[in-house]
Amino acid sequence: MARIEKIKVEGKKEKNVLKQAYKVFSQMVDDDFKEEDITLDLLEEKKGFLGLIGKNKVYQCTLEIKDKIVNEDGEFKVSVRDKGIFLLVKQPKGKGREIKMDMIEEVLDNKEIVEVDYEALSEGLTLDGEEVKIAQRKYELDRDAKIEVSVSKDKMEAYLDYTPPLGGKTLELEEVIEKIKESGVVFGLRKEELVEVFDPEEPLESFLIAKGEEPTPGEDGRVKFNFDLDSHERKVNLLEDGSADFRNLDRIVNVKPDDLLATKILPKEGESGNNVLGEDIEPKPVKEVDIPVGENVNLSEDGMTLKAAMEGQAVYNKSKISVLDVYTVNGDVNLSTGNVDFSGSVIVNGNITDGMEVKANGNILIKGSVYGACLEAEGQIVIEKGLIGSNKGKVSSKGDVEVKFIENATVDTDGDLVVKDAIMHSTVNAGGKVVVISGKGLIVGGEVRAAQEIDAKIIGSNLATPTEISVGVTPELRDSFREVDIQFKDKQDKLDQAIKNIRMLKKKREEQDGRLSEKRQQLLNQLIRQRFSIVKEIEELKQERNELADRLEEGKNGNIKVKDTLYSGAILTIGTSIHRVSEDASYVQYYLKDENVKSKPYS
């Protein structure tokens, strides 16, 4: 019903009267309304001075507030009782969904109710909240409620299928739980979740009724290193004046006799879990790890500590901890010395001449220049002067590389490359960063690639020298992600199809009094096994996909930074996105956003 409020308002103009009425009604009622909802009726027109008409008028102001319309869907219930089958319909409100004949017939079919009085049924559809008998009770068709519990192959999950009664005995919640326990499922019962969804009159299919508890994994024994294994990740130190100290990078680990190198940490046992049948699940056995003993070290009698036996450089190569001595060449490496291949670190106090090779399992320090030679180190490489490759010189390092300048050479490093002056017409690949911000800070010609960042003062030249600069992910990594993603989606589709077929066969089994032909039962069992197998494959593919996605995401964070000038002619690549520099730019930084190369001020 509508609510009506009335007031009298006096005024000369209707517009002003309406505003005044709206203000008064707003204080009288809490409901929302507009000025348009107020109607005005003229009651009296008062006479003015000397009996003239047209001064003040009195209006009857009426506000009609209509009740809010509540939309509510209709509902119905079919009840099986001793005196017959009864239908109760609750009519919809507002624009709610109406109850139709086919909706009721679907429920009657599911309950296997026959010989329905459709005249009574149609009558019940017109009533609201009043029961109508629509069929006689046929006791021979009665069927008690029943449950079926299935346990996964690994016994870590149990699923409940509940079929409501058809006129027969109803199972209450506690009875269902008791029958589940009788089936052998006694651990990890999800009672609270079952309470939320269980209705004795509604079916349940493949409801996760119990979940086992995985064993708590133990911790394998490990070796605690007392020296830095990740020295290649150390940053360039900044001096008090704000300049970068490229000379003292503190990346070589020097030790003295009896310095502690490593400590053995004993393993910790895990805790048992339980499957849904209450059986113990033992955790994976833990492993004891011994300290890997190399050269020039002393292991304690109890095997718990490792100390240096001499002064030198502590290294961890080929799964052994050693203290390596240093091989020193007091002059040039040339034909008179021959090539150098040493198990420790190498120091050359002169130059390395054309065509020579120096290999070390530790670090290499060259105090002069390298001319058309090849260097290879498991640790870091430092060349205090220049690397002049003559298009054949090559430097390869598992650690960082530091050099004054590079010209017509190839440098491959798993770590960072720090160049003090310039990279000219060379090929560079760095697993970390390439930093060229001191001295000239120049990269010109050739190709320079880094996984994380390239930072330089100048890239290219005013002659538009072709210079290729690349950071971020490789096409191979992106292809690997796409391949795994396709496999993941394909497995999801196969899982959906398997579940669909399982539901169809289970429905067929219910229609045939819980029985299936031998062939169909074998197919159902095969599909259930297939479902668990596919789920496991999906979990493995998901983990692999997430790991690849993380690597792709990290690649997107690659930066190309130019502190001074970026010349036209340079080609910038971040991930697989390419930006060709068509005009000079200064103090700029490039990054990837939405698969496009973007720029912002240098920072």
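What you see is a predicted model; the values in this text were computed from it and never measured.

What counts and what doesn't
- By convention here, each chain's residues receive numbers from 1 onward along its written sequence.
- Side-chain atom pairs in this predicted model are given and counted only at pLDDT of 80 or more, local residue features only at pLDDT of at least 70, and totals for whole chains, interfaces and linings cover all residues.
- Calculation of side-chain values draws on the structure's entire complement of heavy atoms; hydrogens and water are dropped beforehand.
- We treat two strands as partners when DSSP finds at least two bridges between them.
- Counting from the N terminus, the helices are DSSP H or I runs at least four residues long and the strands are E runs at least two residues long.
- To get an axis, a line is fitted to the C-alpha atoms, and for a helix only the part in contact is used. The angle between two axes follows their N-to-C directions and goes from 0 to 180 degrees.
- A contact between two residues is defined here by any heavy atoms of the two lying within 4.5 Å.
- For each residue, the accessible area found with a 1.4 Å probe, counting protein chains only, is set against the maximum for its type, and the residue is called buried under 20%, exposed over 50%, and partly exposed in between.
- Note on patches: the residues involved have over 30% relative accessible area and no salt bridge, like charges join within 9 Å, and the nonpolar side chains Val, Leu, Ile, Met, Phe, Trp and Tyr join within 5 Å.
- Using a 1.4 Å probe, accessible areas were evaluated by the Shrake-Rupley method; residue-level cover was limited to the displayed protein chains.
- When a carboxyl oxygen of Asp or Glu is within 4 Å of a side-chain nitrogen of Lys or Arg, the pair counts as a salt bridge.
- Only four residue types enter the charge count, namely Lys and Arg as positive and Asp and Glu as negative; His and the chain termini do not.
- Charge positions are represented by NZ for Lys, CZ for Arg, CG for Asp and CD for Glu.
- pLDDT expresses how confident the predictor is about each individual residue, on a scale running from 0 to 100.
- The nonpolar core is taken to be a set of buried Ala, Val, Leu, Ile, Met, Phe, Trp, Tyr and Cys residues, with the residues joined through side-chain atoms within 4.5 Å.
- Each aromatic pair joins two rings of Phe, Tyr and Trp (for Trp, the six-membered one) with centres within 6.5 Å, and gets the label stacked for planes under 30 degrees apart, edge-to-face for over 60, and tilted for any other angle.
- N or O atoms closer than or at 3.5 Å make up a polar contact, with two conditions inside protein: a donor-capable atom paired with an acceptor-capable one, and, for residues adjacent in sequence, both atoms drawn from side chains.
- Picture the helix axis, draw a direction to every C-beta atom, and the arc is the one those directions span.

(A) Expanded view of the sheet that holds strand β6 (residues 131-135). With antiparallel pairing, three strands are arranged side by side in an open sheet as β4-β5-β6. Across the chains shown, the open sheet's two edge strands, defined by having one partner strand only, are β4 (75-81) and β6. For this sheet the average axis-to-axis angle between neighbouring strands, irrespective of direction, equals 30°. Examined bridge by bridge, β4 and strand β5 (residues 84-90) share seven bridges and lie antiparallel to one another. Opposite K77, over in β5, you have L88 as the bridge partner. Against the sheet, helix α3 (residues 118-126) contacts β5 and β6, and its axis sits at roughly 155° relative to β6.

(B) A look at the pairing of strand β18 (residues 305-308). Here β18 shows one buried face, formed by L306 and A308, and one open face, formed by T305 and K307. Sheet analysis places strand β14 (residues 260-265) next to β18, joined by three bridges and oriented antiparallel. Each bridged residue has a counterpart across the sheet, and for T263 the counterpart in β18 is T305. Relative to β18, strand β17 (residues 297-299) runs antiparallel, the two sharing three bridges. By the bridge assignment, L299 is partnered in β18 with L306. Taking the residues between adjacent antiparallel strands as the criterion, β17 and β18 are bridged by five residues, where G303 takes a positive phi near 70°.

(C) A look at a negative patch on the surface. Together, D479, E483, E544, E547 and D550 make up a region of like negative charge exposed at the surface. Broken down by secondary-structure element, the contributors of at least two residues to the negative patch are α6 (475-511) and α7 (518-556). Here the negative patch gets three residues from one element, more than from any other, and that element is α7. Turning to its location among the elements, E544 is positioned in helix α7.

(D) Just the confidence of the model for the protein chain, in detail. With 92% of its residues at a pLDDT of 70 or more, the protein chain shows a mean pLDDT of 86. The secondary-structure element of the protein chain with the lowest mean pLDDT is strand β12 (residues 244-245), recorded at 47, while strand β26 (residues 370-371) shows the highest, at 97. Low pLDDT, under 50, characterises residues 231-236; the predicted model gives this stretch 13 contacts beyond four residues in sequence or across chains. This stretch, residues 243-251, has a pLDDT under 50; its non-local contacts, to residues over four places away or in other chains, come to 26 contacts.

(E) Here's a closer look at the sheet that holds β14. In spatial order, the strands read β10-β14-β18-β17; together these four strands make up an open sheet with antiparallel pairing. Two strands lie at the open edges of the sheet, namely β10 (222-225) and β17, each paired on one side alone. Between one strand axis and the next, the sheet turns by 20° as a mean value, whatever way the strands run. Relative to β14, β10 is paired through four bridges, and the arrangement is antiparallel. Each bridged residue has a counterpart across the sheet, and for K224 the counterpart in β14 is T263.

(F) Here's a closer look at the side chain of T62. Within the fold, T62 resides in strand β3 (residues 53-65). Residue class for T62 comes out buried when judged on its relative accessible area of 13%. Aside from chain neighbours lying at most four places away, what touches T62 is I4, E5, K6, F25, D37, I38 and T39.

(G) Structural context of the pattern of salt bridges. If you walk through the whole model with that rule in mind, you get 21 salt bridges. The residue E288 makes a salt bridge to K264 at a minimum N-O spacing of 2.7 Å. One end of the pair, E288, is in the loop between β16 (280-281) and β17; the other, K264, is in strand β14, with 24 residues separating them in the sequence. The class of K264 is buried, set by a relative accessible area of 8%. D485 serves as the salt-bridge partner of R545, at 3.0 Å between the closest nitrogen and oxygen. One end of the pair, R545, is in helix α7; the other, D485, is in helix α6, and 60 residues separate them in sequence.

(H) Broad picture of the nonpolar core. Counting 52 residues, the largest nonpolar core has L375, L417, I423 and V434 as the members making the most contacts within it. The element contributing the most residues to this core is strand β32 (residues 417-430), with five residues. Among all residues touching I423, those that are not within four sequence positions of it are I406, L417, V428, V434, V436, L442, I443, V444 and V448. Counting 18 residues, the second largest nonpolar core, distinct from the first, contains A145, I147, I177 and L194.

(I) Layout of the packing of aromatic side chains. The tally for this structure, following the rule as stated, stands at five aromatic pairs. Between Y162 and F198, the ring centres sit 5.1 Å apart and the planes meet at 65°, which makes this aromatic pair edge-to-face. Placement of the pair is Y162 in strand β8 (residues 157-163) and F198 in the loop between α5 (191-197) and β9 (204-211), with a sequence separation of 36 residues. Overall, the relative accessible area of 1% leaves Y162 in the buried class. Judged by relative accessible area, which is 13%, F198 ranks as buried. Residues Y587 and Y602 carry aromatic rings whose centres are separated by 5.2 Å and whose planes lie at 45° to one another, so their mutual orientation is tilted.

(J) The arrangement of the side chain of N363 in detail. Looking at the element boundaries, N363 is found in the loop between β24 (357-360) and β25 (364-366). Residue class for N363 comes out buried when judged on its relative accessible area of 12%. Here the side chain of N363 touches Q380 through a polar contact of 2.7 Å, landing on its backbone nitrogen.

(K) Representation of α3 in the model. When α3 is considered as a whole, its buried residues turn out to be A120, L121, G124 and L125. All buried residues of α3 fall inside an arc of 150° around its axis, so they share one side. Pointing more than 90 degrees away from the buried face of α3 are the exposed residues E119 and T126. Here the buried face of α3 lies against β5, α2 (101-110) and β6. The N-terminus of α3 is capped by D117, whose side-chain oxygen sits 3.2 Å from the backbone nitrogen of E119.

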